[in-house]
Amino acid sequence: RNVVGMLGAAAFVYVVLVFLVTGMGNVPMNNALAALDGAAATSYWRSKYLPRWTARNTLRTVGCALSAACARVAVARFNGTTARHDDTTSLLRPL
């Protein structure tokens with residue numbers, strides 16, 4: 001029942017695969033694209049921006065899904081139940 005460990009894993013995965021990838025990858029690429037005009041922007045878009053941004057966005061999506069899965073497992077462990085759709089009251093149990 002390592003609830004804290006699962007919540008820690010959810011936070012770690014989110015920070016690394018979502019927050020850092022966005023801040024250190026996608027945002028600088030967006031800024032570089034915004035600074036270009038005309039043919040230079042089109043060339044950058046096709047050759048570098050689109051493939052790199054798409055790969056990083058896919059990584060962020062996977063990170064969000066893994067983080068949510070870890071958090072859901074933590075909630076299920078905290079409640080002492082398996083994740084069931086018909087048992088929503090267990091999510092509301094007080095600490």
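For the structure, check the block above.
Read on for a plain summary of the structure. (Residues numbered from 1 in each chain as written. Predicted model: local features only at pLDDT ≥ 70, side-chain atom pairs only at ≥ 80, totals over all residues. Heavy atoms only, no water.)

1. Overview of a nonpolar patch on the surface
Piece 1. On the surface, a cluster of nonpolar side chains totalling about 720 Å² of accessible area is made up of Phe12, Tyr14, Val15, Val16, Phe19, Leu20 and Met24.
Piece 2. A residue is classified by how much of its surface remains accessible, and Val16, at 31% relative accessible area, is partly exposed. (Patch = residues over 30% accessible without salt bridge, like charges linked within 9 Å, V, L, I, M, F, W, Y side chains within 5 Å. Areas by Shrake-Rupley, 256 points an atom, 1.4 Å probe, with all protein chains shown as cover. Salt bridge = Lys/Arg side-chain N within 4 Å of Asp/Glu carboxyl O. Buried < 20%, exposed > 50% of the residue type's maximum accessible area, 1.4 Å probe, protein only.)

2. As for helix H1 (residues 3–34)
Piece 1. Helix length check: H1 (32 residues) gives 43 Å between terminal C-alpha atoms against 46 Å at 1.5 Å per residue, within 8%.
Piece 2. Of all the bends in H1, the greatest measures close to 45 degrees and is centred on Thr22.
Piece 3. Three or more residues of H1 are buried, namely Val3, Met6, Ala10, Val13, Val18, Val21, Gly25, Asn26, Met29 and Leu33.
Piece 4. Along its buried surface, H1 packs onto helix H2 (38–79). (Helix = DSSP H or I, 4+ residues; strand = E, 2+ residues; numbered from the N terminus. Expected span 1.5 Å × (residues − 1). Bend = angle between axes of the 7 residues up to and from the residue. Contact = heavy atoms within 4.5 Å.)

3. Describing the packing of aromatic side chains
Piece 1. Tallying each qualifying case throughout the model produces two aromatic pairs.
Piece 2. Residues Trp45 and Tyr49 carry aromatic rings whose centres are separated by 5.0 Å and whose planes lie at 20 degrees to one another, so their mutual orientation is stacked. You can see Trp45 and its partner Tyr49 sitting in helix H2, four residues apart, about one turn around the helix.
Piece 3. The class of Trp45 is partly exposed, set by a relative accessible area of 37%.
Piece 4. An aromatic cluster of three or more residues is present, and its members are Tyr44, Trp45 and Tyr49. (Phe/Tyr/Trp six-rings, centres within 6.5 Å; stacked < 30°, edge-to-face > 60°.)

4. Thoughts on the packing of H1 against H2
Piece 1. Following both chains from N to C, one finds H1 and H2 inclined at 165 degrees, their axes separated by 8 Å at the closest point. For the element pair H1 / H2, the angle class is roughly antiparallel. In terms of crossing hand, the pair formed by H1 and H2 is left-handed.
Piece 2. Broken down by class, the residue content of the contact of H1 with H2 amounts to 26 nonpolar, seven polar and five charged. (Axes fitted to C-alpha atoms, helices over the stretch in contact; angles between N-to-C directions. Parallel < 35°, antiparallel > 145°, perpendicular 65-115°, else oblique. Left-handed = near helix turned anticlockwise from the far one by under 90°. Nonpolar A, V, L, I, M, F, W, Y, C, P; charged D, E, K, R; others polar.)

5. Structural notes on the side chain of Ser67
Piece 1. Considering the arrangement of structural elements, one finds Ser67 in helix H2.
Piece 2. Look at Ser67 and you get buried, because its relative accessible area is 10%.
Piece 3. At a separation of 2.9 Å, a polar atom in the side chain of Ser67 contacts the main-chain carbonyl oxygen of Ala10. (Polar contact = N/O pair within 3.5 Å; in protein donor to acceptor, adjacent residues only side chain to side chain.)

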